[in-house]
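Spelled out from the first residue to the last, the chains are:
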Amino acid sequence: MSERVDVPVSDLVRRAPKVLLHDHLDGGLRPATVAEIAAEVGHPLPAAPEALGDWFVEACDSGSLERYIATFEHTIAVMQRREDLVRVARECVEDLAEDGVVYAEVRWAPEQHLAGGLSLEEAVDAVQEGFRAGERAAGGRIVVRQILTAMRHQARSREIAELAVRYRDEGVCGFDIAGAEAGYPPTRHLDAFEYLHRENAHFTIHAGEAFGLPSIWEALQWCGADRLGHGVRIIDDIEVDGSGRAHLGRLAAYVRDKRIPLELCPTSNLQTGAAPSLVEHPIGLLTELRFRVTVNTDNRLMSGTSMSRELQQLVDALGWGARELRLVAVNAMKSSFLPFDERLAIIEQVLKPAYAELGA
Ligand SMILES: O=c1[nH]cnc2c1ncn2[C@H]1C[C@H](O)[C@@H](CO)O1
Ligand SMILES: [Zn+2]
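Residues numbered from 1 in each chain as written. Chains lettered and ligands numbered in written order. Predicted model: local features only at pLDDT ≥ 70, side-chain atom pairs only at ≥ 80, totals over all residues. Heavy atoms only, no water.

Per an unreviewed UniProt entry, the protein chain is named Adenosine deaminase, and its organism is Nocardioides marmoribigeumensis. Under the Function (unreviewed entry) heading, UniProt states for the protein chain: "Catalyzes the hydrolytic deamination of adenosine and 2-deoxyadenosine." Per UniProt, the protein chain carries the Sequence similarities (unreviewed entry) text "Belongs to the metallo-dependent hydrolases superfamily. Adenosine and AMP deaminases family. Adenosine deaminase subfamily." (UniProt positions renumbered as here; feature names shortened; annotations may be inferred.)

See below:
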């Protein structure tokens, strides 16, 4: 399990523009906001306000994805009223901008936010309003889009996919499925994915996190995912021989040949037991082998993390420098669900000049 240590952020990481493709809105609330809204709506919390941040991190350090996901009960409970969704979304953008993130795709599951009487559309509108307010407050330093997630143990994926398509020109850039992986294979939602293909829409699938290669194979070869949420278990299809040479199986070779983006989330993987330590985390080898690696936060609250913290840990554990930070930022931007010309504009006008100044 992860040791929670303070990670002082270097000047390099602080100044580097960051791109984030995998961040959950309901996994990134400020502890103070959870405490404040919980008091207002009468939701009982498991810890005092000042201890709440530590409680989330410790409760998620269990080695089990199921127990990790159980903690979301307390964030979802405070995201049921329209004004709370607007606030949480606005604060999310403010926090990411403050951390130096210039582009983010933030995902959440609208179906989990209807207990207060909101419709799916009203919930998406509220998050959109919060994102736009956050972008304005950041003075154009960040662009944020929504990814709409369907929960894989539920049966609303087709409906959520249709919602994502309806809102494609209003701040929603894609679709995802999330939740406990074992027992809920992606093919359970084939109908939604086939619909999205017919609509020329983009989607990613949480696969290869708690469950291995069969889940990745289904996500790509049955469902046609554009990207893999985590995908870290692709390492199971790579063998390193005695002389240090890596041999890729058919699936790993396909993922690399087709430049399938891997939305890797190192700290989250340590907590759910998908990797034993950062030094042993597959991200090092996958980057060396030139897979399309991106670095992500997954759940900033549950992991007590930020983009800067994730990147700094890679600098400290693997000796990454400006060159690697630039690589993962450009990889992420190339892999984003924004239209091509908008992706290119951020790469050319924001990433390249900033990294040139940092010596990359
Ligand atoms: O890392 C994850 N794997 C699978 N599901 C996850 C992960 N992080 C968050 N979720 C779930 C819990 C949230 O309520 C939901 C939508 O954001 O997505
Ligand atoms: Zn996730």
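Caption draft 1: Up close: helix H15 (residues 307–318). Along its twelve residues, H15 runs 16 Å from first to last C-alpha, staying within 8% of the 16 Å computed at 1.5 Å per residue. In terms of burial, H15 is a largely internal element, nine of the twelve residues being buried. Those residues of H15 not exposed but buried are Met307, Ser308, Arg309, Glu310, Leu311, Gln312, Gln313, Leu314 and Val315. Just downstream of H15, glycine 319 is the residue with a positive phi angle, here 75°. (Helix = DSSP H or I, 4+ residues; strand = E, 2+ residues; numbered from the N terminus. Expected span 1.5 Å × (residues − 1). Buried < 20%, exposed > 50% of the residue type's maximum accessible area, 1.4 Å probe, protein only.)

Caption draft 2: Spatial organisation of the UniProt feature "active site" (unreviewed entry) in the protein chain. Here, UniProt's "active site" (unreviewed entry) annotation points to Glu209. Inspection of the secondary structure assignment puts glutamate 209 in the loop between strand S5 (204–207) and helix H10 (213–222). Leave out the neighbours within four places in its chain, and glutamate 209 touches Leu65, Glu181, His230, Val232, Arg233, Ser268, Asn269, Thr272, Ala274 and Asp298. (Contact = heavy atoms within 4.5 Å.)

Caption draft 3: Molecular detail of the packing of helix H8 (residues 157–166) against helix H9 (residues 190–198). Relative orientation of the contacting elements H8 and H9 amounts to 20°, with a least axis distance of 8 Å. Compared by their axis directions, H8 and H9 come out roughly parallel. The handedness of the crossing between H8 and H9 comes out as right-handed. For the pair H8 and H9, the contacting residues are Ser157, Arg158, Ala161, Glu162 and Val165 in the first and Asp191, Ala192, Tyr195, Leu196 and Arg198 in the second. (Axes fitted to C-alpha atoms, helices over the stretch in contact; angles between N-to-C directions. Parallel < 35°, antiparallel > 145°, perpendicular 65-115°, else oblique. Left-handed = near helix turned anticlockwise from the far one by under 90°.)

Caption draft 4: Just the site of ligand 1, in detail. Neighbouring ligand 1 are 17 residues; His24, Asp26, Gly179, Glu209 and Asp298 lie closest to it. Measuring from an oxygen atom of ligand 1, one finds a side-chain N or O atom of aspartate 26 at 2.5 Å. Residue aspartate 298 places a side-chain N or O atom 2.8 Å away from an oxygen atom belonging to ligand 1. When ligand 1 sits alone it has 400 Å² of accessible area, and the protein chains cover 99% of it. Its residues assigned to classes, the shell around ligand 1 comprises eight nonpolar, six polar and three charged. (Near = heavy atom within 4 Å. Polar contact = N/O pair within 3.5 Å; in protein donor to acceptor, adjacent residues only side chain to side chain. Areas by Shrake-Rupley, 256 points an atom, 1.4 Å probe, with all protein chains shown as cover. Nonpolar A, V, L, I, M, F, W, Y, C, P; charged D, E, K, R; others polar.)

Caption draft 5: Summary view of the sheet that holds strand S9 (residues 262–264). Reading across from one edge, S5-S6-S9-S10 is the order of the four strands in this open sheet, with parallel pairing throughout. The open sheet terminates on both sides in strands that have one partner only, identified here as S5 and strand S10 (293–295). Each strand of the sheet is rotated relative to its neighbour by a mean of 30°, with strand direction disregarded. Summarising the sheet, strand S6 (residues 227–230) and S9 pair through two bridges and their orientation is parallel. For leucine 228, the partnering residue across the bridge sits in S9 and is leucine 262. (Pairing = 2+ DSSP bridges.)

Caption draft 6: View of the coordination of the zinc ion (ligand 2). Every protein donor of the zinc ion (ligand 2) is listed here as His22 (NE2), His24 (NE2), His206 (NE2) and Asp298 (OD), and their distances to the metal cover 2.1 to 2.2 Å. Geometry at the zinc ion (ligand 2) is irregular, judged from the four donor atoms that bind it and their angles of 84 to 170° at the metal. On the primary sequence, the residues serving as donors to the zinc ion (ligand 2) are separated as H-x1-H-x181-H-x91-D. With histidine 22 in strand S1 (residues 18–24) and aspartate 298 in the loop between S10 and helix H14 (300–303), this pair connects stretches of sequence that are 276 residues apart. The exposure class of histidine 22 is buried, given its relative accessible area of 0%. Since its relative accessible area comes to 3%, aspartate 298 is described here as buried. (Donors = N, O, S within 2.8 Å, 3.2 Å for Na, K, Ca; no water. Tetrahedral: all angles 85-135°; square planar, octahedral: opposite > 155°, others 65-115°.)

Caption draft 7: Expanded view of a negative patch on the surface. On the surface, Glu122, Asp125, Asp169 and Glu170 cluster together to form a negatively charged patch. One can find aspartate 169 in the loop between H8 and strand S4 (172–178). Overall, the relative accessible area of 72% leaves aspartate 169 in the exposed class. (Patch = residues over 30% accessible without salt bridge, like charges linked within 9 Å, V, L, I, M, F, W, Y side chains within 5 Å. Salt bridge = Lys/Arg side-chain N within 4 Å of Asp/Glu carboxyl O. Lys, Arg positive; Asp, Glu negative; His and termini not counted. Charge placed at Lys NZ, Arg CZ, Asp CG, Glu CD.)

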